[in-house]
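Chain residues, written in single-letter form:
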Amino acid sequence: QDNMAPPVFLEGMKDERVAIVGAGPAGLNAAYHLGRRGYRVTIFEALPVAGGMLAVGIPAFRVPRDIIDYDIRFICQHNVDIQTGKALGKDFTIDDLFQQGYKAVLLALGAHGNTRLGISGEDAQGVLPGVDFLRRVNLGEDVEVGAKVAVIGGGDVAIDAARMVVRLGAKEVNIVYRRTREEMPANVEEIEEAEDEKIRLMYLVTPTRIITENGRVKGMECI
């Protein structure tokens, strides 16, 4: 934008180029500081958008996308180029980067993993891993959630997923958590906002199996 400050380099421009794999917070931050020091930086991002979990793991109602885009544009003013849709191991290798003349490679791949429950039925149709669910919605995919949804867990991902499900049209949303409210790792403010949105929190409840019918989730057995 016009009101952005011009790039400020701490040192003169250097001949060396640096490649960064991953355009999440770590990769973007490293690119910014390298670029300010005069290095030419290219970030390779597997997803179609930059921002990492900020962009695809957190709902836009919590972190507005224009704020993320503003910061990314500012970083790109500091000698940084971002190439999206480029996955390490699929579109290029580390050896490829060195052969292309990059003198250093920083791996900032992130940790977009899901935690499995280890119970029967969790691979059934209609059971969605939380991180995958948020990523798909944030990337604009159509995700069918149905009218009644249970979200298992008590962390920020669980709260974000539950609040997102409400916005997708679910009529009844229950968060199932194995410990007490005081032990929930999610932010207290987020928990309260979930309750304000009529999301029911069920404490001291542990799923033991997902009940299925013809390969699709039908219910959940808990203790």
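It should be emphasised that the depicted structure is a prediction, and the values quoted were computed from it without experimental measurement.

Student: Quick question: what am I supposed to make of a nonpolar patch on the surface here?
Tutor: On the surface, L88, I94, F98, L107 and L109 cluster together to form a nonpolar patch covering roughly 420 Å² of accessible area. Mapping L88 onto the fold places it in the loop between strand 3 (80-84) and helix 4 (94-99).

Student: I would appreciate a short explanation of the sheet that holds strand 4 (residues 102-107) in the present structure.
Tutor: Through backbone hydrogen bonds, the strands of a sheet pair up, either in parallel or in antiparallel fashion. Spatially, 3-2-1-4 is the arrangement adopted by the 4 strands of the open sheet, whose pairing is parallel. Of all strands in the sheet, those bounded by a partner on one side alone are strand 3 and strand 4. Averaged over all pairs of adjacent strands, the angle between their axes in this sheet comes to 20°, without regard to strand direction. As paired elements, strand 2 (residues 40-45) and strand 3 share 5 bridges and run parallel to each other. When the sheet's bridge partners are listed, T42 is paired in strand 3 with D81. The strands that helix 1 (residues 25-36) touches are strand 1 (17-21), strand 2, strand 3 and strand 4; relative to strand 2, the one it contacts most, it runs at about 165°.

Student: In this structure, what is going on with the side chain of E190? I would like to understand it.
Tutor: Among the secondary structure elements, E190 is positioned in helix 7 (residues 188-196). The residues contacting E190, other than those within four sequence positions of it, are R62, I159 and R163.

Student: In this structure, what is going on with the packing of aromatic side chains? I would like to understand it.
Tutor: The geometry of an aromatic ring pair is captured by the separation of the ring centres together with the interplanar angle, meaning the angle of the planes. For the structure on display, the rule yields 3 aromatic pairs. Aromatic side chains Y32 and F74 sit 5.9 Å apart centroid to centroid with 35° between the ring planes, which places their arrangement in the tilted category. Separated by 42 residues along the polypeptide, Y32 in helix 1 and F74 in helix 3 (residues 65-76) bring together distant segments of the chain. You can call F74 partly exposed: its relative accessible area is 23%. With 5.0 Å between their ring centres and 45° between their planes, F44 and F92 make a pair best called tilted. With F44 in strand 2 and F92 in the loop between strand 3 and helix 4, this residue pair connects regions lying 48 residues apart in the sequence. There is no split in this pair, since F44 and F92 are both buried. Here a set of aromatic residues connected by ring pairs shows up, and it is made of F44, F92 and Y102. Its guanidinium or amino end placed over the ring of Y102, R17 lies 4.2 Å from that ring's centre, counting from NZ or CZ. Across the ring face of F61, the terminal group of R167 is positioned such that the distance to the ring centre comes to 3.8 Å.

Cut-offs used in this document
Residues numbered from 1 in each chain as written. Predicted model: local features only at pLDDT ≥ 70, side-chain atom pairs only at ≥ 80, totals over all residues. Heavy atoms only, no water. Patch = residues over 30% accessible without salt bridge, like charges linked within 9 Å, V, L, I, M, F, W, Y side chains within 5 Å. Areas by Shrake-Rupley, 256 points an atom, 1.4 Å probe, with all protein chains shown as cover. Salt bridge = Lys/Arg side-chain N within 4 Å of Asp/Glu carboxyl O. Helix = DSSP H or I, 4+ residues; strand = E, 2+ residues; numbered from the N terminus. Pairing = 2+ DSSP bridges. Axes fitted to C-alpha atoms, helices over the stretch in contact; angles between N-to-C directions. Contact = heavy atoms within 4.5 Å. Phe/Tyr/Trp six-rings, centres within 6.5 Å; stacked < 30°, edge-to-face > 60°. Buried < 20%, exposed > 50% of the residue type's maximum accessible area, 1.4 Å probe, protein only. Lys NZ or Arg CZ within 6 Å of the ring centre and 35° of its normal.

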